[in-house]
2 protein chains.
Amino acid sequence: METWMRFMSSDGGIAFGRVENGYLHEYEGIDQPVPTGAVLSLRALTPLAPCAPGKVVALWNNFHALAAKLGKAVPAHPLFLIKPAGSVIGPGDAIRRPSSYAGKIAYEGELGIVIGKRCRDASLEEAEAAIFGYTIVNDVTAAELLNENPDFPQWCRAKGFDTFCAIGPAIVSGFDWRAARVVTTLDGTERQNYPLADMVLTPAQQVSMISHDMMLEPGDVIACGTSLGVGSIRDGATVTIAIEGIGQLANTLTAAHAQQPTVVAMAGQE
Amino acid sequence: METWMRFMSSDGGIAFGRVENGYLHEYEGIDQPVPTGAVLSLRALTPLAPCAPGKVVALWNNFHALAAKLGKAVPAHPLFLIKPAGSVIGPGDAIRRPSSYAGKIAYEGELGIVIGKRCRDASLEEAEAAIFGYTIVNDVTAAELLNENPDFPQWCRAKGFDTFCAIGPAIVSGFDWRAARVVTTLDGTERQNYPLADMVLTPAQQVSMISHDMMLEPGDVIACGTSLGVGSIRDGATVTIAIEGIGQLANTLTAAHAQQPTVVAMAGQE
């Protein structure tokens, strides 16, 4: 089992690697990580999301307890939507209420699968080998938008707003997800506490099946779906999602008026 | 009005730029294109999709004639799904039937908006300025998957398969979309012929509204939705979508058994 994290260093560069005893052992790449030789003190580093996915594939209805509560059949194939790369934030980053939306914003604590190897039409074995490790995802949702239009459920929009995909704090390779639970607290009050063993489609099944539909790239993340206890975050509240063995992912919802003004059209900047 | 295309050169490199009189005048970048000085004969170049979008935002129900036929109200805000970058193919590339899907595969001829400048919370004016130009999109769809599960319409999966997003052949800046029509032919028979002026939300409105939800990046594509005449492509048939002033986008559907075997897990390769 190894813990991998991604940081911004004081000079603005990005460093990725293995974390051990207060130090980052820097590596290049996620499909065949190669040590660079650099060892950096964590005190000089600011955590970012532990990877930069091209896409986040987010599952709906993948836990038996939730399916039972909703009165729905469990799926035979992953039922998913895509959250764009621009929605991703890391540990401690603010979830920003969109200026155009005043309704409920919900947290959804989930296990995240991080893809390590480019993967397509994978067997279960190949899928298992393609998984780099596991992380935590908050699949934040503008709940009242989902069914606002009776003709078209707006899954991508409701879950795709900028900052609506918190990932982190780390990726743990060799993590035993079957023994773990997801515990979500809202301003210190426990709201979710569910066993990952209650998953309908396992991570290897998800990766195998989704890879038969779409190429999965190194760094892509699959959010495994959530279970009971989803609720709203009031402006200013902090959601903390904990999976023992991975860590805690904490993010605070900021109200629209409390935010920094956004630069609307930035030509050529990166 | 200028025509921009993207090519693979004989040495395997990628060249982007302005096309004029049989030559490519090469440029770097799409948000502030800078000429490199290179001028290449088109005879040495193979067309690719004219940009490499991080995401494709695809609209549903954005034409009055189609809304009327479906008996649905026209939307006040774009109703969209996200097609992943891995679904994108270019002019002449094969649309590949997924090995796991034997049902109807439909074509949808659409106008595509190519974003030129990073764009968020854009006014209509800022949105207009953020548009680099216009292209053609075939929003290919596994039609029978959409409502296969009664609890969850599978928009992202049905439209997100690898090769299910043909873009091209060119991006035309300064293109007057209001005067143009989309004409789709299937093996030479005309199947769609609709006026772009029948759009519900205009390109500037789409860019402005979507940019209030999600950051739009240079190279991202918004597919404006299709109108009447959507139908299935039988295996082996060629769909050609023409917009006068932009060009023709032609792609052939290949059957699963006729395809090259896919490499399932490619470690470290790019």
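Residues numbered from 1 in each chain as written. Chains lettered and ligands numbered in written order. Predicted model: local features only at pLDDT ≥ 70, side-chain atom pairs only at ≥ 80, totals over all residues. Heavy atoms only, no water.

Caption draft 1: Inspection of the overall build of chain A at higher detail. The helix and strand tally for chain A stands at four helices and 22 strands. For a compact globule of 270 residues, the expected C-alpha radius of gyration is about 18 Å, and chain A comes in at 18 Å, within 12% of that figure. Referenced to the eigenvectors of the C-alpha coordinate spread, the extents of chain A come out at roughly 55 × 45 × 40 Å. For chain A, with 270 residues in total, the buried portion stands at 57%. The long-range fraction of contacts in chain A, counting pairs at least 24 apart against all pairs at least 6 apart in sequence, stands at 71%. (Helix = DSSP H or I, 4+ residues; strand = E, 2+ residues; numbered from the N terminus. Rg over C-alpha atoms; globule rule 2.2 N^0.38 Å. Buried < 20%, exposed > 50% of the residue type's maximum accessible area, 1.4 Å probe, protein only. Contact = heavy atoms within 4.5 Å.)

Caption draft 2: A look at the UniProt feature "domain: Fumarylacetoacetase-like C-terminal" (unreviewed entry) in chain A. Under the present numbering, the feature "domain: Fumarylacetoacetase-like C-terminal" (unreviewed entry) in UniProt falls on residues 55–253 of chain A. Summarising residues 55–253 of chain A: 16% helix, 39% strand, and an end-to-end C-alpha distance of 23 Å. (UniProt positions renumbered as here; feature names shortened; annotations may be inferred.)

Caption draft 3: Spotlight on the domain arrangement of chain A. All names here are of chain A. In terms of domains, chain A is made up of domain 1 (1–47) and domain 2 (49–254). The centre of domain 1, based on its C-alpha atoms, is set 24 Å off from the matching centre of domain 2. On the domain 2 side, the residues contacting the 11 residues of domain 1 number 19 residues. Between domain 1 and domain 2, a total of about 1,200 Å² is buried, with carbon and sulfur atoms accounting for 59% of that surface. If you sort the residues of domain 1 by the area they bury against domain 2, M1, R6 and I30 come out on top, with a joint share of 47%. (Domains from an automatic or database assignment. Buried area = accessible area lost by both parts, 1.4 Å probe.)

Caption draft 4: View of the sheet that holds strand β16 (residues 181–186) of chain A. Residues and elements named next belong to chain A. With mixed pairing, the five strands of this open sheet are ordered in space as β9-β21-β20-β16-β17. Strands with a single pairing partner mark the edges of an open sheet, and in this sheet they are β9 (95–96) and β17 (189–195). Note: β9 against strand β21 (residues 247–254), two bridges, orientation parallel. Within β21, the residue paired with I95 across the bridge is L253. (Pairing = 2+ DSSP bridges.)

Caption draft 5: Up close: the relation of the copies chain A and chain B. Mapping chain A onto chain B calls for a rotation angle of 180° and an axial translation of 0.0 Å; the resulting RMSD is 0.0 Å. Given the turn and translation reported, the copies of this chain are related as if by a two-fold rotation axis. For chain A, the minimum C-alpha distance to the rotation axis belongs to I82(A) and amounts to 3.1 Å. A share of 100% of interface residues in chain A that are also interface residues in chain B marks the association as one of identical surfaces. (Least-squares fit on C-alpha atoms with pLDDT ≥ 70 in both.)

Caption draft 6: Spotlight on unusual backbone geometry. Backbone torsion omega between G168(A) and P169(A) reads 0°, so that peptide bond is classified as cis. As for its position among the elements, P169(A) is in strand β15 (residues 165–173). Even without being glycine, N21(B) reaches a positive phi, approximately 50°. Residue classification places N21(B) among the exposed positions, given a relative accessible area of 72%. The backbone of T163(B) shows a phi angle near 80°, a positive value even though the residue is not glycine. Tracing the chain through its elements places T163(B) in the loop between α3 (155–160) and β15 (165–173). On the accessibility criterion, T163(B) (4% relative accessible area) is buried.

Caption draft 7: Broad picture of the state of the cysteines. Residue and element names in this part refer to chain A. Enumeration according to the criterion identifies zero disulfides over all chains in this entry. Looking at the unpaired C119, the closest cysteine sulfur is the one in C224, lying at 14 Å. With a relative accessible area of 0%, C119 lands in the buried category. (Disulfide = S-S within 2.5 Å.)

Caption draft 8: Geometry of the sheet that holds strand β17 (residues 189–195) of chain B. All names here are of chain B. If you walk across this open sheet you meet the five strands as β9-β21-β20-β16-β17, and the pairing is mixed. Either end of the sheet is taken by a strand with one partner, and the two such strands are β9 (94–96) and β17. Each neighbouring strand pair of the sheet contributes to a mean axis angle of 20°, computed without reference to strand direction. As defined by bridge partners, strand β16 (residues 181–186) adjoins strand β20 (residues 238–243) across four bridges and the pair is classed as antiparallel. Within β20, the residue paired with V183 across the bridge is A242. (Axes fitted to C-alpha atoms, helices over the stretch in contact; angles between N-to-C directions.)

Caption draft 9: Examining the interface of chain A and chain B more closely. Contact residues are listed per partner, giving 46 residues for chain A and 46 residues for chain B. Across the interface of chain A and chain B, roughly 4,400 Å² is buried in total on both sides, 57% from carbon and sulfur atoms. Run the count over chain A and chain B and you get six salt bridges. The salt bridge involving D213(B) is made with R157(A); its shortest N-O contact spans 2.8 Å. Where chain A meets chain B, there are 10 residue pairs in polar contact (both at pLDDT 80 or more). (Salt bridge = Lys/Arg side-chain N within 4 Å of Asp/Glu carboxyl O. Polar contact = N/O pair within 3.5 Å; in protein donor to acceptor, adjacent residues only side chain to side chain.)

Caption draft 10: The pattern of salt bridges, seen in detail. Tallied over the full model, the rule gives 24 salt bridges over all chains. D162(A) is the partner of R120(B) in a salt bridge, and the nearest nitrogen-oxygen pair spans 2.5 Å. Linking R120(B) in the loop between β12 (118–119) and α2 (124–130) with D162(A) in the loop between α3 (155–160) and β15, this pair reaches from one chain into another. Judged on exposure class, the residue R120(B) and its partner D162(A) are both buried. For R18(B), the salt bridge goes to E20(B), with nearest N and O atoms at 2.6 Å.

Caption draft 11: Expanded view of the side chain of T240(A). Secondary-structure assignment places T240(A) in strand β20 (residues 238–243). Residue classification places T240(A) among the buried positions, given a relative accessible area of 15%.

Caption draft 12: Just helix α4 (residues 203–213) of chain A, in detail. For α4(A), the tally of buried residues reaches eight of 11 residues, placing the bulk of the element in the interior. Along α4(A), the residues that are buried comprise P203(A), A204(A), Q206(A), V207(A), S208(A), I210(A), S211(A) and D213(A).

Caption draft 13: Structural detail: the packing of aromatic side chains. Residues and elements named next belong to chain A. This model, assessed by the stated rule, comprises 20 aromatic pairs over all chains. Ring geometry for F63 versus Y194: centroids 5.0 Å apart, planes at 70°, classification edge-to-face. Taken together, the positions of F63 in the loop between β6 (55–59) and α1 (64–70) and Y194 in strand β17 put the pair 131 residues apart, joining distant regions of the chain. Of the two residues examined, F63 and Y194, each falls in the buried class. Centroid distance F161 to F164: 5.2 Å. Interplanar angle 55°. Geometry classified as tilted. Take F161 and F164: they sit in the same class, and that class is buried. Members of the aromatic cluster, each reached through a chain of ring pairs, are W4, F16, Y27 and F132. (Phe/Tyr/Trp six-rings, centres within 6.5 Å; stacked < 30°, edge-to-face > 60°.)

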